[in-house]
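# Coordinate inspection notes
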Amino acid sequence: MSRVNSMDLALRARAEAVIPGGMYGHQSVALMPEGYPQFFARAEGAHLWDVDGNRYLDFMCGYGPNLFGYGHAAIDGAYIDQLRKGDAMTGPAAVMVEFAEALVGQVAHADWAMFCKNGSDANTMALMTARAHTGRKTVVLAHGAYHGAQPWSTPVPAGTTPDDRANQIFCEYNDVESLEKAVKQAGDDLAAIFASPIKHDVFVDQQLPAPEYAAAARRLCDQSGALLVVDDVRAGFRLARDCSWSLVDVKPDLSCWGKAIANGHPISALLGADVARKAASSIYVTGSYWFAAAAMAAGVETLKLIRETDYLEHTRRLGLALREGFAAAAARHGFSLRQTGPAELPLIMFDEDPGLKKGYAWCADMMRRGVYLHPWHNMFICQAMTDADIAGAVEAADGAFAALKAA
Ligand SMILES: Cc1ncc(COP(=O)(O)O)c(C=O)c1O
């Protein structure tokens, strides 16, 4: 399968000169299989086109923001209308209140909303709110969980100091005993327990939250006066039309949102319960673009679609069809897959695959067949995907498994 990539290679060479490392952060393809395109020309619905014109069915969805399809007419229309009226102005537009009302109306634990730009901002605001609320320092987090890329949270500590990452105690996700031990270690200094809604750490199988783990986190916060934070930046509104821990019947005090809440337009949010309102209003947090109105208008339109369409049922159904199709195709060629976590957030790993060699080779072949997959990060199903898209991906998978077996 030949594939043109000369434009991509030329851009990478130019980028080497003017961008440190040629590219940085989570969208760098440095750790992706060889040949993955770095630069894209456009996106529409469920598809992406790289700068060389190759088209892909995109199971990364921008790493999460694309929930209703790239370039969604109603969402982008609302964005453009507000952009024409005013965006980053000297003060917020009325739509800020409208968006906060929509989120508070949608998320059961939330009584208020504050807006920012990235999921990292929302998590940092949650940390500050919890410390302001309790007057304490220590936070309990799960090993391997991602809460953003600020000095206190980045998984790669280059450029940070031990002080930046002080007052953190780690436990194992879904392990009640280890959570209790971490809370005990925090003693009377516990400000917050942070929880991912599911275990969606990179390189390892995903796990749904054990109801007893979520209940223990709630109980330990209630007993100590600490705040419970659910980081729904990645999974938010993809598993429920509410906070993802509504599925295990636990209400956090704070939840962090971003990515899909405005279908890719730049905005994130910290939502909170009344208990944390005073603390949230005491911290000083802001940014030049945090109050820009156009992304809020896009968010209002996105929330309308969350309320009024069957996107959740659709993405779940397609996710399950993809999972079944891939499992059957793999089995036909003698491979066994581990497809873990919720079907709407697929993660596909090969059994008996040290070094992820099979996964890398298979994903690279799928990419050449026009299906953009990720070998070690969970993926996303979007509302713009169709049954035909899933059938096409399964057919491509059949060919890629056959090729892998022959290799
Ligand atoms: C669970 C989770 N929290 C926080 C973040 C950080 O969000 P952002 O990249 O918008 O800062 C991410 C981003 O992938 C995430 O998945």
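## Quick look at the site of the ligand
Close to the ligand lie Asn-118, Gly-119, Ser-120, Asn-123, Tyr-146, His-147, Gly-148, His-200, Asp-231, Val-233, Arg-234 and Lys-259, which account for all nearby residues. Asp-231 has a polar side-chain atom sitting 2.7 Å from a nitrogen atom of the ligand. At a separation of 3.1 Å, an oxygen atom of the ligand approaches a polar side-chain atom of Lys-259. Coverage of the ligand by the protein amounts to 89% of the 390 Å² it exposes when considered alone. Here the shell around the ligand gets three residues from one element, more than from any other, and that element is helix 4 (residues 119-134). Split by residue class, the shell around the ligand holds two nonpolar, seven polar and three charged.

## Points about the pattern of salt bridges
Per the counting criterion, the structure on display carries 17 salt bridges. We note a salt bridge from Asp-50 to Arg-3, for which the minimum N-O separation is 3.5 Å. Here Arg-3 lies in the segment before helix 1 (6-18) and Asp-50 lies in strand 2 (residues 47-50), a separation of 47 residues in the sequence. The exposure class of Asp-50 is buried, given its relative accessible area of 1%. One salt bridge in this structure joins Arg-218 and Asp-222, with 2.9 Å as the shortest N-O distance. Separated by four residues within a single helix, Arg-218 and Asp-222 lie in helix 6 (residues 211-224), roughly one turn from each other. Residue class for Asp-222 comes out exposed when judged on its relative accessible area of 51%. Look at the salt bridges and you will find they share partners, linking Asp-205, Arg-338 and Asp-351 into a network.

## Comments concerning unusual backbone geometry
With a phi angle near 65°, Tyr-63 is a residue other than glycine that sits in the positive phi range. Its place among the elements puts Tyr-63 in the loop between strand 3 (55-58) and helix 2 (73-85). Given the relative accessible area of 10%, Tyr-63 is considered buried. Unlike most non-glycine residues, Asn-174 shows phi in positive territory, near 70°.

## Overview of the nonpolar core
Soluble globular proteins tend to bury their nonpolar side chains together. The biggest cluster of nonpolar side chains holds 62 residues, and the ones touching the most others in it are Phe-99, Phe-115, Val-140, Leu-179, Ile-193, Phe-237 and Trp-245. For this core, the element with the highest residue contribution is helix 8 (residues 293-308), accounting for ten residues. Core analysis: the second largest hydrophobic core is formed by 45 residues, Tyr-63, Phe-326, Ala-330 and Met-367 among them.

## A closer look at the pairing of strand 1 (residues 40-44)
Of the strand pairs in this sheet, strand 1 and strand 2 are connected by four bridges, and their pairing is antiparallel. The residue bridging Glu-44 from the neighbouring strand is His-47, located in strand 2. Between strand 1 and strand 2, which pair antiparallel and follow one another directly, the connecting turn spans two residues, one of which, Gly-45, has a positive phi of 60°.

## Quick word on the pairing of strand 2
Taking every second residue as pointing to the same face, both faces of strand 2 are buried, with His-47 and Trp-49 on one and Leu-48 and Asp-50 on the other. The pairing of strand 2 with strand 3 spans three bridges and is antiparallel. Bridge pairing in strand 3 places Trp-49 opposite Arg-55. What sits between strand 2 and strand 3 in their antiparallel hairpin is a turn of four residues, with Gly-53 showing a positive phi close to 90°.

## Side note on the domain arrangement of the protein
Along its sequence, the protein is carved into domain 1 (6-63 + 310-406) and domain 2 (74-308). The C-alpha centroid of domain 2 is placed 27 Å from the C-alpha centroid of domain 1. At the interface, 22 residues of domain 1 touch 18 residues of domain 2. Taken as a group, Tyr-311, Leu-345 and Trp-376 account for 29% of the area that domain 1 buries against domain 2, more than any other trio of residues on that side. Across the domain 1-domain 2 interface, the total number found is two salt bridges. Of the charged contacts, one joins Arg-338 and Asp-205 as a salt bridge, the two residues approaching to 2.8 Å between their closest N and O atoms. Across the domain 1-domain 2 interface, the total number found is ten residue pairs in polar contact (both at pLDDT 80 or more). The dominant element in the side of domain 1 that touches domain 2, judged by the number of residues it contributes, is helix 9 (residues 311-332), at four residues. Per-class residue counts for the side of domain 1 that touches domain 2 are 13 nonpolar, four polar and five charged.

About the thresholds
- Residues numbered from 1 in each chain as written.
- Predicted model: local features only at pLDDT ≥ 70, side-chain atom pairs only at ≥ 80, totals over all residues.
- Heavy atoms only, no water.
- Near = heavy atom within 4 Å.
- Polar contact = N/O pair within 3.5 Å; in protein donor to acceptor, adjacent residues only side chain to side chain.
- Areas by Shrake-Rupley, 256 points an atom, 1.4 Å probe, with all protein chains shown as cover.
- Helix = DSSP H or I, 4+ residues; strand = E, 2+ residues; numbered from the N terminus.
- Nonpolar A, V, L, I, M, F, W, Y, C, P; charged D, E, K, R; others polar.
- Salt bridge = Lys/Arg side-chain N within 4 Å of Asp/Glu carboxyl O.
- Buried < 20%, exposed > 50% of the residue type's maximum accessible area, 1.4 Å probe, protein only.
- Core = buried A, V, L, I, M, F, W, Y, C linked by side-chain atoms within 4.5 Å.
- Pairing = 2+ DSSP bridges.
- Domains from an automatic or database assignment.
- Contact = heavy atoms within 4.5 Å.
- Buried area = accessible area lost by both parts, 1.4 Å probe.

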